[in-house]
Amino acid sequence: MSQKTFGNAINDALSTAMDMDDTVFIAGEGVGVSIHLDSNMPTYGLLDKFGRRRVKDTPVSEAAIAGLAVGASCMGLRPVVEIMFFPFITLASDMLVNHAGKLRYMSGGKSSFPLTVRVKAGVGFGAGSQHSHNLEAWIAHSPGLKIVWPATVEDAKGLLLSAIFDPDPVIVVEDMMLYRMKGELPDRDFRTPLGKARVAVPGTDCTVIAYGMALYTAMKALEPLIEKGISCEVIDLRSLVPLDKTCILESVRKTGRLVVVHEANRFCGFGAELAAMVAEEAFHDLKGPVKRVGAPQIPVPVASSLEKVFIPGPEDVVRAVLETMNK
Amino acid sequence: MSQKTFGNAINDALSTAMDMDDTVFIAGEGVGVSIHLDSNMPTYGLLDKFGRRRVKDTPVSEAAIAGLAVGASCMGLRPVVEIMFFPFITLASDMLVNHAGKLRYMSGGKSSFPLTVRVKAGVGFGAGSQHSHNLEAWIAHSPGLKIVWPATVEDAKGLLLSAIFDPDPVIVVEDMMLYRMKGELPDRDFRTPLGKARVAVPGTDCTVIAYGMALYTAMKALEPLIEKGISCEVIDLRSLVPLDKTCILESVRKTGRLVVVHEANRFCGFGAELAAMVAEEAFHDLKGPVKRVGAPQIPVPVASSLEKVFIPGPEDVVRAVLETMNK
Amino acid sequence: MKEKQITPDFQVSLFTRMVLIRKFEEKIVALCRESYQLPGMQILANGQEAVATGVVSALEPEDIIVSNHRSHGHLLARGADLNSLMAEIMAKADGVNCGKAGTLHLSMPEINALMTSTVVGAGPPLAVGAAFAQQYQALNGVTVVFFGDGAAAEGSVHEAMNLSGIWKLPILFVCENNGWAGAQRPEEHSAVRQIHKRAQGYDMPGQSVDGNDVEAVYHLSLELLEYCRSGKGPAFMETLTYRMRGHGEQDHQHYVNPEELEAWALKCPIIRYRRALLNAGILDKAQIQSIEQDAEARVAAAVAFGDAGPYPESDTALTDVFVQAFNA
Amino acid sequence: MKEKQITPDFQVSLFTRMVLIRKFEEKIVALCRESYQLPGMQILANGQEAVATGVVSALEPEDIIVSNHRSHGHLLARGADLNSLMAEIMAKADGVNCGKAGTLHLSMPEINALMTSTVVGAGPPLAVGAAFAQQYQALNGVTVVFFGDGAAAEGSVHEAMNLSGIWKLPILFVCENNGWAGAQRPEEHSAVRQIHKRAQGYDMPGQSVDGNDVEAVYHLSLELLEYCRSGKGPAFMETLTYRMRGHGEQDHQHYVNPEELEAWALKCPIIRYRRALLNAGILDKAQIQSIEQDAEARVAAAVAFGDAGPYPESDTALTDVFVQAFNA
Ligand SMILES: Cc1ncc(C[n+]2csc(CCOP(=O)(O)OP(=O)(O)O)c2C)c(N)n1
Ligand SMILES: Cc1ncc(C[n+]2csc(CCOP(=O)(O)OP(=O)(O)O)c2C)c(N)n1
Ligand SMILES: [Mg+2]
Ligand SMILES: [Mg+2]
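**A few points about the coordination of the magnesium ion (ligand 3)**
Residue and element names in this part refer to chain C.
Moving on, step 1. Taken together, Asp149 (OD), Asn178 (OD1) and Trp180 (O) make up the protein donors of the magnesium ion (ligand 3), found 2.0 to 2.1 Å from the metal.
Moving on, step 2. Mapping the donors of the magnesium ion (ligand 3) onto the primary sequence yields the spacing D-x28-N-x1-W. Of this pair, Asp149 sits in the loop between β3 (143-148) and α6 (155-167) while Asn178 sits in the loop between β4 (171-177) and α7 (186-189), and the two are 29 residues apart along the sequence. The same class applies to Asp149 as to Asn178, namely buried.

**Comments concerning the interface of chain B and chain D**
Moving on, step 1. Listed as interface residues are 46 residues of chain B and, on the opposing side, 42 residues of chain D.
Moving on, step 2. Each partner contributes to the roughly 3500 Å² buried at the junction of chain B and chain D, and carbon and sulfur atoms together form 69% of this total.
Moving on, step 3. If you sort the residues of chain B by the area they bury against chain D, Met75, Tyr105 and Met106 of chain B come out on top, with a joint share of 20%.
Moving on, step 4. In this structure, the connection of chain B to chain D is made through one salt bridge.
Moving on, step 5. Between Glu110 of chain D and Lys110 of chain B there is a salt bridge; the shortest N-O distance is 2.8 Å.

**Quick word on the side chain of Arg70 of chain C**
All names here are of chain C.
Moving on, step 1. Examined against the element boundaries, Arg70 turns out to sit in the loop between β1 (64-67) and α3 (72-77).
Moving on, step 2. Summary of buried charges: Arg70 has no salt-bridge partner, and the nearest side chain of opposite charge, Glu176, is 7.0 Å away.
Moving on, step 3. Among the polar contacts made by the side chain of Arg70, one reaches the main-chain carbonyl oxygen of Leu44 at a distance of 2.6 Å.

**Comments concerning the packing of aromatic side chains**
Moving on, step 1. On inspection of all chains with the given rule, the structure shows 35 aromatic pairs over all chains.
Moving on, step 2. Ring geometry for Phe10 of chain D against Tyr218 of chain D: centres 4.8 Å apart, planes inclined by 55 degrees, an arrangement best described as tilted. Taken together, the positions of Phe10 of chain D in helix α1 (residues 8-33) and Tyr218 of chain D in helix α8 (residues 214-232) put the pair 208 residues apart, joining distant regions of the chain. The residues Phe10 of chain D and Tyr218 of chain D share a single accessibility class, namely buried.
Moving on, step 3. It is Lys92 of chain C that lies over the ring of Tyr311 of chain C; its NZ or CZ is 4.7 Å from the centre.
Moving on, step 4. Its guanidinium or amino end placed over the ring of Trp180 of chain C, Arg185 of chain C lies 4.1 Å from that ring's centre, counting from NZ or CZ.

**Some remarks on the site of ligand 1**
Moving on, step 1. Near ligand 1 there are 21 residues, and of these Glu62 of chain B together with His69, Arg70, Asp149 and Gly150 of chain C occur at the shortest range.
Moving on, step 2. Mapping the residues adjacent to ligand 1 onto the chains of the assembly identifies chains B and C.
Moving on, step 3. In the model, an oxygen atom of ligand 1 is placed 2.8 Å from a nitrogen or oxygen of the Ala151 of chain C main chain.
Moving on, step 4. Notes on ligand 1: free accessible area 580 Å², of which the protein chains cover 96%.
Moving on, step 5. Each residue belonging to the shell around ligand 1 can be placed in one class, and the counts come to nine nonpolar, seven polar and five charged.

**Here we look at the relation of the copies chain A and chain B**
Moving on, step 1. Of the two same-sequence chains, chain A is brought onto chain B (RMSD 0.0 Å, axial shift 0.0 Å) by a rotation of 180 degrees. Interpreted geometrically, this transformation is the action of a two-fold axis.
Moving on, step 2. A share of 100% of the interface residues of chain A reappears at the interface of chain B, consistent with the copies meeting face to face through the same patch.

**Examining the environment of Gln37 of chain C**
All names here are of chain C.
Moving on, step 1. Among the structural elements, Gln37 can be located in the loop between α1 (8-33) and α2 (49-57).
Moving on, step 2. A relative accessible area of 62% means that Gln37 is categorised as exposed.
Moving on, step 3. Separated by 54 residues in the primary sequence, Gln37 and Ala91 have C-alpha atoms spaced 9.3 Å apart.
Moving on, step 4. If we ignore the near neighbours within four places in the chain, the residues touching Gln37 are Met90 and Tyr311.

**Quick word on the sheet that holds strand β3 (residues 55-57) of chain A**
Residue and element names in this part refer to chain A.
Moving on, step 1. Spatially, seven strands are ordered β3-β2-β4-β5-β7-β6-β12 in an open sheet, and the strand pairing comes out mixed. Each end of this open sheet is capped by a strand with a single partner; those strands are β3 and β12 (239-241). Going across the sheet, the axis of each strand differs from the next one's by a mean of 20 degrees, ignoring polarity.
Moving on, step 2. Here helix α2 (residues 46-54) sits on the sheet in contact with β2 (24-28) and β3, set at roughly 75 degrees to β3.

**Observations regarding the state of the cysteines**
Moving on, step 1. Considering all chains together, one arrives at zero disulfides over all chains under this definition.
Moving on, step 2. Of all cysteine sulfurs, the one in Cys268 of chain B lies closest to Cys268 of chain A, which takes part in no disulfide; the gap is 8.8 Å.
Moving on, step 3. Here Cys74 of chain B stays unpaired: no disulfide links it, and the sulfur of Cys98 of chain D, its closest cysteine neighbor, is 15 Å away.
Moving on, step 4. Owing to a relative accessible area of 14%, Cys74 of chain B belongs among the buried residues under this scheme.

**A closer look at the interface of chain A and chain B**
Moving on, step 1. Listed as interface residues are 57 residues of chain A and, on the opposing side, 57 residues of chain B.
Moving on, step 2. Of the roughly 4800 Å² buried at the junction of chain A and chain B (both faces included), carbon and sulfur atoms supply 62%.
Moving on, step 3. Three residues stand out in chain A for area buried against chain B, namely Trp138, His141 and Glu280 of chain A, and they jointly supply 17% of the buried area on that side.
Moving on, step 4. Applying the counting rule to chain A against chain B returns six salt bridges.
Moving on, step 5. Ionic pairing is found between Glu280 of chain B and Arg266 of chain A, a salt bridge with its closest N-O pair at 2.9 Å.
Moving on, step 6. Summed over the shared surface of chain A and chain B, the number is 32 residue pairs in polar contact (both at pLDDT 80 or more).
Moving on, step 7. At the level of secondary structure, the elements contributing two or more residues to the side of chain A that touches chain B comprise α4 (89-100), α5 (103-106), α6 (136-140), β12, β13 (258-265), α10 (270-281) and β14 (291-295) of chain A.

**Considerations on the domain arrangement of chain A**
Residues and elements named next belong to chain A.
Moving on, step 1. With domains assigned, chain A is organised as domain 1 (2-185) and domain 2 (198-324).
Moving on, step 2. Look at where the C-alpha atoms of domain 1 and domain 2 centre, and you get two points 26 Å apart.
Moving on, step 3. Taken residue by residue, the interface counts 27 residues in domain 1 and 26 residues in domain 2.
Moving on, step 4. Of all residues in domain 1, Val123, Glu136 and Trp149 give up the largest surface area on contact with domain 2, accounting jointly for 24% of the area buried on that side.
Moving on, step 5. On the surface where domain 1 and domain 2 come into contact, there are one salt bridge.

**Comments concerning the coordination of the magnesium ion (ligand 4)**
All names here are of chain D.
Moving on, step 1. Looking at the metal site, the magnesium ion (ligand 4) is ligated by Asp149 (OD), Asn178 (OD1) and Trp180 (O), spaced 2.0 to 2.1 Å from it.
Moving on, step 2. For the magnesium ion (ligand 4), the single-chain donor residues occur in sequence as D-x28-N-x1-W.
Moving on, step 3. The class of Asn178 is buried, set by a relative accessible area of 5%.

The rules we used
- Residue indices follow the written sequence of each chain, beginning from 1 at its first position.
- To read the labels, note that chains go from A and ligands from 1, taken in the order they are written.
- In view of the model being predicted, local features appear only for residues whose pLDDT reaches at least 70, and side-chain atom pairs are presented and counted only at 80 or more, with totals across whole chains, interfaces and linings using the full set of residues.
- Values shown for side chains rest on all heavy atoms present in the structure; no hydrogens or waters enter the calculation.
- Note that water is not among the atoms used; donors are N, O and S atoms within 2.8 Å of the metal (3.2 Å for Na, K and Ca), so sites may look incomplete.
- Comment: elements are numbered from the N terminus, with helices defined as DSSP H or I runs of at least four residues and strands as E runs of at least two.
- The rule is simple: take the accessible area with a 1.4 Å probe, protein chains only, and divide by the maximum for that residue type; under 20% is buried, over 50% is exposed, in between is partly exposed.
- The contact criterion used throughout is that any non-hydrogen atoms of two residues lie within 4.5 Å.
- Accessible surface is computed with a 1.4 Å probe, and the buried area is the amount of it that two parts give up when combined, taken over both parts together.
- Any Lys or Arg side-chain nitrogen located within 4 Å of an Asp or Glu carboxyl oxygen qualifies as a salt bridge.
- All tallies of charge rest on Lys and Arg as positive and Asp and Glu as negative; His and the ends of each chain are not included.
- N or O atoms closer than or at 3.5 Å make up a polar contact, with two conditions inside protein: a donor-capable atom paired with an acceptor-capable one, and, for residues adjacent in sequence, both atoms drawn from side chains.
- Classification of ring pairs rests on two measures: the distance between centres of Phe, Tyr or Trp rings, Trp counted by its six-membered ring, which must be within 6.5 Å, and the angle between planes, read as stacked under 30 degrees, edge-to-face over 60 and tilted in between.
- Lysine and arginine charges are scored as sitting over a ring when NZ or CZ, respectively, is within 6 Å of the ring centre and within 35 degrees of the ring normal.
- By convention in this text, a residue qualifies as near a molecule or strand provided that one of its non-hydrogen atoms is within 4 Å of it.
- Throughout, the Shrake-Rupley method with a 1.4 Å probe supplies accessible areas, and for residues the shown protein chains are the sole cover considered.
- Just so you know the grouping, Ala, Val, Leu, Ile, Met, Phe, Trp, Tyr, Cys and Pro go in nonpolar, Asp, Glu, Lys and Arg go in charged, and all remaining residues, Gly too, go in polar.
- In this comparison the copies share one frame, found by least squares on the C-alpha atoms of residues holding pLDDT of at least 70 in both.
- Here a strand pair is declared whenever DSSP counts at least two bridges between the two strands.
- The convention used is that axes are lines fitted to C-alpha atoms, helices contributing only their stretch in contact, and that angles between N-to-C directions extend from 0 to 180 degrees.
- Only a pair of cysteine sulfur atoms within 2.5 Å counts as a disulfide in this structure description.
- Domain ranges listed in this record stem from an automatic or a database domain assignment.

Right, dumping it as structure tokens:
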């Protein structure tokens, strides 16, 4: 165990995987030589450690980067490629959705694609809509792709290691706003299983599901709610696909209420799936309406006075919980 | 009024728009000279009628086709471009999502993008997952884009004309399986307003929302349900964005039940938004769980025995209605 | 290693492969005419047999091919099992891909026909990955990717050519210029007539060849494969040929000038090669007939095999999405 | 029409524009150092002023420009209002884009700076649309799109060059080869050193020019713009220059060879041109000082303007998504 940042934890996972298995390589724009001289950056120092054979800086060619991963994984390698910012996944989406996600199925199970895509997500750094646009719902809607989103230092390592050694394509989302967050990290190889949510805070009155940065937004809502006598159970979802329905349904059956929080646009966001699934499968346990907290249906603006309107805050979570509690 | 096919109706809309306004042009792969010699094809005969200035066959370059639309619309033209099959929208998605949908907002309202994208959708023709993959949820999740999906011959014309003359980017989805369907069509220029759903069949016990081909799946479920004494209200959604929440909520408040039907994958599909919205805003009117009928989380397989598993059928709608009615 | 000097035996094998491909696809034409239940779109390579045969015959066993929507010839040349290939085209459970792929997404890793994508232009970036794996693991293989003149307009092809040029990946880009992309002529989809001229923009050799001359294709393939295999990086080959049956079996070619079709019919790679082998005394008419009959018999057997097999059980629709399955 | 013969007055105007751009961006550097609240990433074109100035000075009023993440110079050369530009960079309500765009997504259709995209490689397909509109409406304008050497690796650039080559669109592709794409060298992101050589793969003229020589850039721009304007189709210009301040203000250039930076500092387009104008007796030191002071004063006024203005009201976050708004 040692104190590490979230960025260090990703770095540690990459390094551990590359030490363990020569079929693991990393590729992407600036994963080797980077404009950032910052040890909190996920690929910091890996080029020095593993050399140019295994740490591949690429041209600015997202389709080719994804194609590299699909083709190389089909040959038995375990590529870990990076898409620099989430909105650029559009450029890789044919390769990921029509190929990584489908070719195993179309092959009748003959081929497999053990690839990992790391993608940087997040909003709140004033870069606007072409750098900030969380599209996890796109990936989750695409059959054949798994997607996970760590919120803790431990899971940053554990989920990435699981993803790399998973036999299927996994998209690992990294909230850039968490890179500098510190936490305890086991030094050894350890895995957070894909498909397992975590009850971050147990509670009785209302289930709050969040992932990534939004988990901390949810956390910040707890105190004002406790002051009002409301006890929330917070679930750190971690894995969007596979989805831990058991954990979610168990919690909602207990609390009778659901609030979902994410930083993506609310409309057609991943929260819609969670809310719909619960309203479908636990309807009779619900004591109040399911509530979704997410961004309004606008692109991410640059001015921070506007960006704040985009990013859901703890007060939005509080309001949603109160509403479903009919308070 | 005359008897026309769905394909004719689209053709009629394109022709009407081009007759009315010289800023309208069409572009895409084979929109001029086509491998199909078939008057039911949407762009049949338009090259002969309007010539090569206004009917532009393009190379196989989806990003450039979409870029053409974005750039030309910003200059005041009204491009109507075609993406041949829905899965290929991935290749145009950066242009559509990061540009068509965002650049007006980022410009502070200075620019506008009156473009239309026609995209062919549908499953059931044995072409497999790289030709069949309905991605309406992706578009709906992307701020700044509108999306409509006609199910009737009349709306095939009316929605397309509204889209072409709308000042914003609109994606118009065409269910290929409907191209040969016949119906009455007004000859003049007429518009189906964007954002208005249609109660296709009034009913009292359960609201069923569908769009495109799925509308007919829903319709086929009505008789077996009537036999069981259940009266469904079927809503032909037509417009996904803007969404006619008033129509939906009014219906659900009346029936107390909701079943959503689409041919896209159920998980994170557009049905999730509808179900979540209703469970959020009409929770206290609901008498049973919201139900979603959609494809399982698999790519579209080729064998028809397998493709049938993918496509939701009337029996799935019947089952969903019975379940929410607790029968 | 392949011989540069072509022996009569080898010539016969080239001819035999081309005939097999032709007979196989002619049978598909017949099945479509009989309105047999072939699912999806049947997109055939009649007239382009010399490309598939010439290129694939130049490969070593460890080489990889990545194919596109017009794939039957590539796979047959690579030695695909006829029965399970035909069964797949019929979407039967015994098909190479269990009926999930049909004609358009065939993958046969057992013969190093690694992947087929029907997304136009997708092959090259996929090939980048395969060739990277070969380079990374020092496998000594080359990846060959087949794509059309139309596909050359896709951005993905540019990205793949650029990346493989930088990394010196062992890829042979084979652009089958068959004069059409759907109903569009090259002048409508390419700013230049000679697509191989683009190769120099990626620091790779680019050459064109008469795609209806199987030996010419073979020789150029050998030369360029050797270049790739030696570590020098990728190479580009444009094969000039013609799409005889339109884009697919639903295409009636109403937009094609019949004289152009006739002119190309005279340049048919199989007729030409048959004549050459006859003239050179390498095959006589009887031998040719027996090669043709043999091919027909194999194809007929494949159809019988496909016919006899069942369609996939509906519950198999839910399998093979993931290696590590879970409940969704 | 622009003159081919450069007058002293025009030379002074070229110099004045370059100085203005430099002073404007140096002020941004200072603001970043003062840890002033500039949102997002500040990506500056110090060292590349001759490209923006040379190209844009060759434009006619009806010509369109499409820019990228390194846009300030392009916009200033095109005559952007300093106050509202600086206010936008500060993300103020008085900014040209109401504080929604910040530095990275500036659009100023009022000066025909139609669009800026910070998605690398997106400019060229957008420019295809603008140039198509010019051709379609017989507007006689040309669209100029600026993109980097790194961007040239994107598939979208290939698609745009191909389509504009086929349709003979009036586009001038300006590739600002500044020696870097992020922390990657051209040899890591481009298979060829001379990116303009690719132009011949799209049937368009491709030429390179010393991007730090403003008159050379101007002359070549005039020539190529005339080509485009005459209906012959697109053209490609590669400008060889250098990115003096790293990728953005957060970049400390630890990976850059300091000697290389120093060598390029000596080739600074402004220093060079100042020397030339001094030597030719077109400007004297006092005049130069007054040009510099004038620029500084304008920039200072712009900062004051920006500073004084309010940040956008939060409810404006919800406007401008659609022309035809609706409740979501
Ligand atoms: C990305 C994409 N766009 C469009 C299509 C539809 N389509 C299938 S084949 C084809 C033409 C391809 O032409 P070419 O690459 O020359 O191959 P050929 O059919 O001539 O063998 C098109 C446009 C597709 N399959 N994928
Ligand atoms: C599609 C996309 N991929 C990656 C990035 C991140 N990025 C921003 S600028 C840049 C380098 C661009 O290099 P170049 O085109 O040479 O322009 P320069 O910065 O040198 O002016 C990268 C990779 C981006 N903005 N868009
Ligand atoms: Mg072709
Ligand atoms: Mg650069």
